[in-house]
Amino acid sequence: MEKTALNFTLNGAETGVFVDAGANLLDVLRRGVGDQTPKYGCGQGSCGACSVLIDGELHLSCLTLAETVAGKSVETTAGLAGGPELHALQKAFIDGFAAQCGYCTPGMLMAARALLDSNPNPSRDDVAEAISGNICRCTGYEPIIDAILAAASGSGRRFG
Amino acid sequence: MAVHHGRGFACINYPIGMNLGGDPSQALVHSTPDGKFMVTLSSIDLGQGMKSVTRQIASETLGVPVEDVYVDTADSDTGPHCMGSFASRGTHRVGNAVIRAATEARQQLLEAAAEELEVSAADLDTDGAGNIHVKGAPGRSITVADTAIAAQFKQGRTLSGRGIFLIPPSEADPDTGEMTPVSCFAHAALVVDLEVDDETGVVEVKEINSAYEVGRALNPKLVEQQLIGGAWMGVSHALYETTEPYYPDREHGPQDFNHYLMPGPAEVVTHNIAVLERPAEDAPYGGKGPGEMCANPVLPAIANAVYNAVGVRCDTLPITPEKILRGLRENGGAKPQGRR
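Residues numbered from 1 in each chain as written. Chains lettered and ligands numbered in written order. Predicted model: local features only at pLDDT ≥ 70, side-chain atom pairs only at ≥ 80, totals over all residues. Heavy atoms only, no water.

### Quick notes on the overall build of chain B
Right, on to step 1. Of the regular secondary structure elements, chain B holds 6 helices and 11 strands.
Right, on to step 2. For the C-alpha atoms alone, the extent of chain B along its principal axes is close to 85 × 45 × 40 Å.
Right, on to step 3. Classification of the 340 residues of chain B by burial places 48% in the buried group.
Right, on to step 4. Sequence-distant contacts in chain B: of pairs separated by 6 or more residues, those separated by 24 or more amount to 73%.
Right, on to step 5. With the model as given, the accessible surface of chain B reaches about 16100 Å², and the carbon-plus-sulfur share is 52%.
Right, on to step 6. Put simply, chain B has 26 plus and 44 minus side-chain charges, and the middle of one group is 4 Å from the middle of the other. (Helix = DSSP H or I, 4+ residues; strand = E, 2+ residues; numbered from the N terminus. Buried < 20%, exposed > 50% of the residue type's maximum accessible area, 1.4 Å probe, protein only. Contact = heavy atoms within 4.5 Å. Areas by Shrake-Rupley, 256 points an atom, 1.4 Å probe, with all protein chains shown as cover. Lys, Arg positive; Asp, Glu negative; His and termini not counted. Charge placed at Lys NZ, Arg CZ, Asp CG, Glu CD.)

### Describing the packing of helix α2 (residues 90–117) of chain B against helix α3 (residues 144–155) of chain B
Any two packed helices are characterised by the angle at which their axes cross and by the distance between the axes.
All names here are of chain B.
Right, on to step 1. Viewed as axis vectors pointing N to C, α2 and α3 meet at an angle of 80°, and their least axial separation amounts to 9 Å. As judged from the angle between their axes, α2 and α3 are roughly perpendicular. Only V144, T147, A150, A151, K154 and Q155 of α3 make contact with α2, whose side of the interface consists of L109, A112, A113, E115 and E116. (Axes fitted to C-alpha atoms, helices over the stretch in contact; angles between N-to-C directions. Parallel < 35°, antiparallel > 145°, perpendicular 65-115°, else oblique.)

### Considering the side chain of A:D35
Residue and element names in this part refer to chain A.
Right, on to step 1. One can find D35 in the loop between α1 (25–33) and β3 (51–54).
Right, on to step 2. Although D35 is buried, it makes no salt bridge; R30 carries the closest opposite charge, 7.2 Å away.
Right, on to step 3. Reaching out from D35, the side chain makes a polar contact with the side chain of T37 at a distance of 2.6 Å.
Right, on to step 4. With sequence-adjacent residues up to four places away left out, D35 is seen in contact with L10, N11, L29, R30, T76 and A78. (Salt bridge = Lys/Arg side-chain N within 4 Å of Asp/Glu carboxyl O. Polar contact = N/O pair within 3.5 Å; in protein donor to acceptor, adjacent residues only side chain to side chain.)

### Comments concerning the domain arrangement of chain A
All names here are of chain A.
Right, on to step 1. One can read the domain layout of chain A as domain 1 (3–79) and domain 2 (88–153).
Right, on to step 2. One C-alpha centre belongs to domain 1, the other to domain 2; they are set 21 Å apart.
Right, on to step 3. The interface is formed by 15 residues belonging to domain 1 together with 13 residues belonging to domain 2.
Right, on to step 4. Of the roughly 1100 Å² buried between domain 1 and domain 2, counting both surfaces, carbon and sulfur atoms make up 60%.
Right, on to step 5. Here domain 1 and domain 2 share 1 salt bridge between them.
Right, on to step 6. A salt bridge links R113 to E75; the shortest N-O distance between them is 3.0 Å.
Right, on to step 7. Among the elements that take part in the side of domain 1 that touches domain 2, β3 stands out by supplying 3 residues, more than any other. (Domains from an automatic or database assignment. Buried area = accessible area lost by both parts, 1.4 Å probe.)

### Looking at the environment of B:K288
All names here are of chain B.
Right, on to step 1. Looking at the element boundaries, K288 is found in the loop between β11 (270–276) and α5 (298–310).
Right, on to step 2. Of the residues examined, K288 reaches a relative accessible area of 2% and is grouped as buried.
Right, on to step 3. Once the C-alpha coordinates of K288 and E204 are considered, the two residues, 84 residues apart in sequence, prove to be 32 Å apart.
Right, on to step 4. Side-chain polar atoms of K288 contact the backbone oxygen of F185, separated by 2.6 Å.
Right, on to step 5. Of note is the side chain of K288, whose polar atom sits 2.8 Å from the side chain of E213.

### Topic: α2(B)
Right, on to step 1. Along its 28 residues, α2(B) runs 38 Å from first to last C-alpha, staying within 8% of the 40 Å computed at 1.5 Å per residue.
Right, on to step 2. Of all 28 residues in α2(B), 20 are buried; the element is thus mostly enclosed. (Expected span 1.5 Å × (residues − 1).)

### As for helix α1 (residues 50–62) of chain B
Residues and elements named next belong to chain B.
Right, on to step 1. The end-to-end C-alpha separation of α1 is 18 Å, in line with the 18 Å expected for 13 residues at 1.5 Å each.
Right, on to step 2. When we look at burial in α1, the residues that qualify are M50, V53, T54, I57, A58, S59, T61 and L62.
Right, on to step 3. Of the residues flanking the end of α1, it is G63, one or two places downstream, whose phi is positive at about 85°.

### Details of the interface of chain B and chain A
Many authors give the size of an interface as the accessible area that is lost as the parts come together.
Right, on to step 1. Contacts between chain B and chain A engage 26 residues on the former and 22 residues on the latter.
Right, on to step 2. Taking both partners together, chain B and chain A bury about 1800 Å²; carbon and sulfur atoms supply 63% of that area.
Right, on to step 3. Summed over the three residues of chain B that lose the most area to chain A, namely B:Q225, B:F257 and B:P265, the buried surface amounts to 33% of that side.
Right, on to step 4. Remark: the boundary between chain B and chain A carries 1 salt bridge.

Encoded structure:
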């Protein structure tokens, strides 16, 4: 199958990759570029594990045609930390024990990032709604909601 | 038509581990040349905290800082045998195996240090901060790192240990049928408050209050995390989850996340937990591990609360609005049982 060149910005870095016609963004990120932070959960947009930001908006990468991100900015969990300094959300997730198996965590972090970018002081209901497209099997959601609220209020870091 | 409040109670006596043909787990511990310790297991961490807890146990037994202990659970092809992460057995079985392996490795560590300090190993102790010293004479000491270097480059010995914990097979007594399949039990009691809408049959869980006795909580935050997440899964099993078909036949059953019902972040239930610590004698530092018991008592408590609210006794799961409405019709309407 003929491949076409795709250029976009991934976590701030110019990225070029050859993609098959009709390839989805999740496959291109994981197999083409090697960013394995977006997870393959259901492949049909039901679980949220593949969530990424495209030009700042939350999208399900498994349902996104890769070629539609040409020239756009894609952000994944791999770009959350600034060098050795973790993002406030990452610190809050660690401190708040907001992950168990961790498979949903990258999607949760991106959904939370999208929320806090548009609404820095969310209510508990805002947070619940923001992550309502993300399935978690382990935590019962409560620690995740608490962690996002802690990150928003700046009370996320208790140590370190 | 009204919304009825109901309260249900359940308690549980939960066996840790299982026993069919015996229940073993093994652990290996060895030091690296720089005095760090590697714990090798085949016991998989599914997110329940196996790596964290075995790391703490190894650190405590070896007498070295927890930062200097690494746990490798990578591969059941190359690691020592483990029956697996199930039956709530991980902390108890694997933890005990780690204690035995770490005890042997600690002895070798002290013997190597004794050779360097020219004292008897029996006179040595660790300070938990990376040093080995003569008891009563903290100034007479050597670091764990220097001991490991000496052992491996000068003395020619390994600092390593092997451990297995086995609950042996329990045969049934031919006369009475009595057997002892389990050595250790955990316990919990749980109260659920919920509301049932007798028009729609929808159940809304309002609050859970629970008390869990899991031996010593080796890592209290991980215990709390498991109890919260597990209770959520219990609510999910009780009210939502099923792979049974809808109508008219099995073809219409749920086949993906779109049709498989689970409560989401908007259905989070307030859950107040009391953890009672009663260290178990045969458990590693007294810790039994919460495991599956996190989810189990929620189901009967919800079934009891639904009965308490509207008088419908559901004996199959999940307790769907349809089952409640059929029960209400059979009973001629809601029959609240009231508080006793």
